[in-house]
Amino acid sequence: LARSLSSLVFSSSRKGPLIIEDVSVVIPFPRIVRTANLSVNVGTVIYDEAGKVAKWTIGKLDEQKRPQLTGTMLLEGTKKPESNAPLVLTWKIPLASVSGLSVSGLSLTGEMYKPYKGVRNICKSGRYQVRCG
């Protein structure tokens, strides 16, 4: 049984709009924050008082509605926060290839059936950090 990739093609043009899914933002808060009251217009937000972290799950981005988070914090004492920890963003874009590489052909020998060239791409974000000043 031999399998080979007959060709790999670079295509810079994408057909149709990009759909960005599973968007989430993790927001760490300083230790001096006693509690936070947060609200969002898209998705859900959960604030963990013990870990001083909020997780905002946005889901699928919609061009018509911009995600917005608002809220208030109750601080202990009058000290300023010691530092601004970075936000962590994650998302995925189905059927997209950041590199622009796509499979144009598949060669399979030693099999009785003819395989369908079905290759699906997915772009995952990894862990992006946004530093706030």
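These numbers come from a predicted model, not from an experiment. (Residues numbered from 1 in each chain as written. Predicted model: local features only at pLDDT ≥ 70, side-chain atom pairs only at ≥ 80, totals over all residues. Heavy atoms only, no water.)

Peer 1: In this structure, what is going on with the packing of aromatic side chains? I would like to understand it.
Peer 2: To describe a pair of aromatic rings, one takes the distance between the centres and the angle between the planes. For the coordinates displayed, the defined rule picks out one aromatic pair. A centroid spacing of 5.2 Å and a plane angle of 85° characterise the contact between F29 and Y47, whose relative ring orientation is edge-to-face. Of this pair, F29 sits in the loop between β2 (21–28) and β3 (33–40) while Y47 sits in strand β4 (residues 44–48), and the two are 18 residues apart along the sequence. Taking relative accessible area as the criterion, F29 reaches 16% and is therefore assigned buried. (Phe/Tyr/Trp six-rings, centres within 6.5 Å; stacked < 30°, edge-to-face > 60°. Helix = DSSP H or I, 4+ residues; strand = E, 2+ residues; numbered from the N terminus. Buried < 20%, exposed > 50% of the residue type's maximum accessible area, 1.4 Å probe, protein only.)

Peer 1: Please explain the pairing of β4 as it appears in this structure.
Peer 2: For a regular strand, side chains alternate in direction, first toward one face of the sheet and then toward the other. Looking at chain direction, β4 and strand β5 (residues 53–59) are connected through five bridges and run antiparallel. By the bridge assignment, I46 is partnered in β5 with K55. (Pairing = 2+ DSSP bridges.)

Peer 1: Looking at this model, I keep getting lost on the side chain of K52. Mind explaining?
Peer 2: Tracing the backbone shows K52 in the loop between β4 and β5. Of the side chains with opposite charge, E76 comes closest to the buried, unpaired K52, at an N-O distance of 5.4 Å. At 3.5 Å, the side chain of K52 forms a polar contact with the backbone oxygen of E49. Excluding residues within four positions of it along the chain, K52 makes contact with I27, P28, F29, P30, R31, V33, R34 and Y47. (Lys, Arg positive; Asp, Glu negative; His and termini not counted. Salt bridge = Lys/Arg side-chain N within 4 Å of Asp/Glu carboxyl O. Polar contact = N/O pair within 3.5 Å; in protein donor to acceptor, adjacent residues only side chain to side chain. Contact = heavy atoms within 4.5 Å.)

Peer 1: Would you mind showing me how to read the confidence of the model for the chain here?
Peer 2: Detailed reading of the predicted model is not advised wherever pLDDT is low. Residues at a pLDDT of 70 or more form 74% of the chain, whose mean pLDDT is 78. Within the chain, the element-level pLDDT minimum falls on strand β1 (residues 2–10), averaging 40, and the maximum on β4, averaging 96. Of the regions scoring below 50 in pLDDT, residues 1–13 engages in 31 contacts with residues more than four places distant in sequence or in other chains. (pLDDT = per-residue confidence, 0-100.)

Peer 1: What is the right way to look at the nonpolar core in this model?
Peer 2: In globular proteins that are soluble, nonpolar side chains generally tend to be buried together. In terms of nonpolar packing, the biggest core is built from twelve residues, these being V23, V25, I27, F29, V33, A36, L38, V42, Y47, A54, W56 and I58. Excluding anything up to four places from it in sequence, Y47 contacts F29, V33, T35, A36, L38, K52, V53 and A54. (Core = buried A, V, L, I, M, F, W, Y, C linked by side-chain atoms within 4.5 Å.)

Peer 1: Even after reading the chapter, I still don't get the environment of I32, so can you show me in this structure?
Peer 2: Looking at the element boundaries, I32 is found in the loop between β2 and β3. Residue class for I32 comes out buried when judged on its relative accessible area of 8%. If we skip the residues at most four places from it in the chain, I32 touches L74, L75, E76, K79, K80, P81 and E82.

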